[in-house]
Amino acid sequence: MSVHKALTNHAKKLNSILTQYANLDRERELHIEEALSLYERGLPFATDNINSITTQMNKLSKQIENLPPRKLVTKEMVEEYANRK
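To start, this report covers the structure provided alongside it. (Residues numbered from 1 in each chain as written. Predicted model: local features only at pLDDT ≥ 70, side-chain atom pairs only at ≥ 80, totals over all residues. Heavy atoms only, no water.)

1. Observations regarding the side chain of T54
So, point 1. Relative to the helices and strands, T54 resides in helix α2 (residues 48-61).
So, point 2. Polar side-chain contacts of T54 include one of 2.7 Å to the side chain of R28.
So, point 3. With near-sequence residues (within four places) excluded, T54 lies in contact with R28, R70, K71 and L72. (Helix = DSSP H or I, 4+ residues; strand = E, 2+ residues; numbered from the N terminus. Polar contact = N/O pair within 3.5 Å; in protein donor to acceptor, adjacent residues only side chain to side chain. Contact = heavy atoms within 4.5 Å.)

2. Comments concerning the packing of aromatic side chains
So, point 1. The full count for this structure, using the stated rule, is 1 aromatic pair.
So, point 2. Look at Y39 and F45: their rings are 5.9 Å apart centre to centre, the planes differ by 80°, and that puts the pair in the edge-to-face class.
So, point 3. A relative accessible area of 25% places Y39 in the partly exposed class.
So, point 4. With a relative accessible area of 8%, F45 lands in the buried category.
So, point 5. Positioned above the aromatic ring of F45, the side-chain terminus of K75 is 5.5 Å from the ring centre. (Phe/Tyr/Trp six-rings, centres within 6.5 Å; stacked < 30°, edge-to-face > 60°. Buried < 20%, exposed > 50% of the residue type's maximum accessible area, 1.4 Å probe, protein only. Lys NZ or Arg CZ within 6 Å of the ring centre and 35° of its normal.)

Written out as structure tokens, the structure is:
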């Protein structure tokens, strides 16, 4: 394989990972906002979807050095954040 092809394939792989990470990050934020909204209305909420996405993001962050891992979110974290707003 030529150096050019190897570099092109590497760049495509990095771009794919970055795109996946960004999409997951947006989705994670939406689920966090949903959990906050439910809590503020006194309705039950879960963090399972948030943490499932977080786990996927953290796997991707291990593949590229500069992608920050995200913390798993607990119900207490959602409640504390909502109460600070």
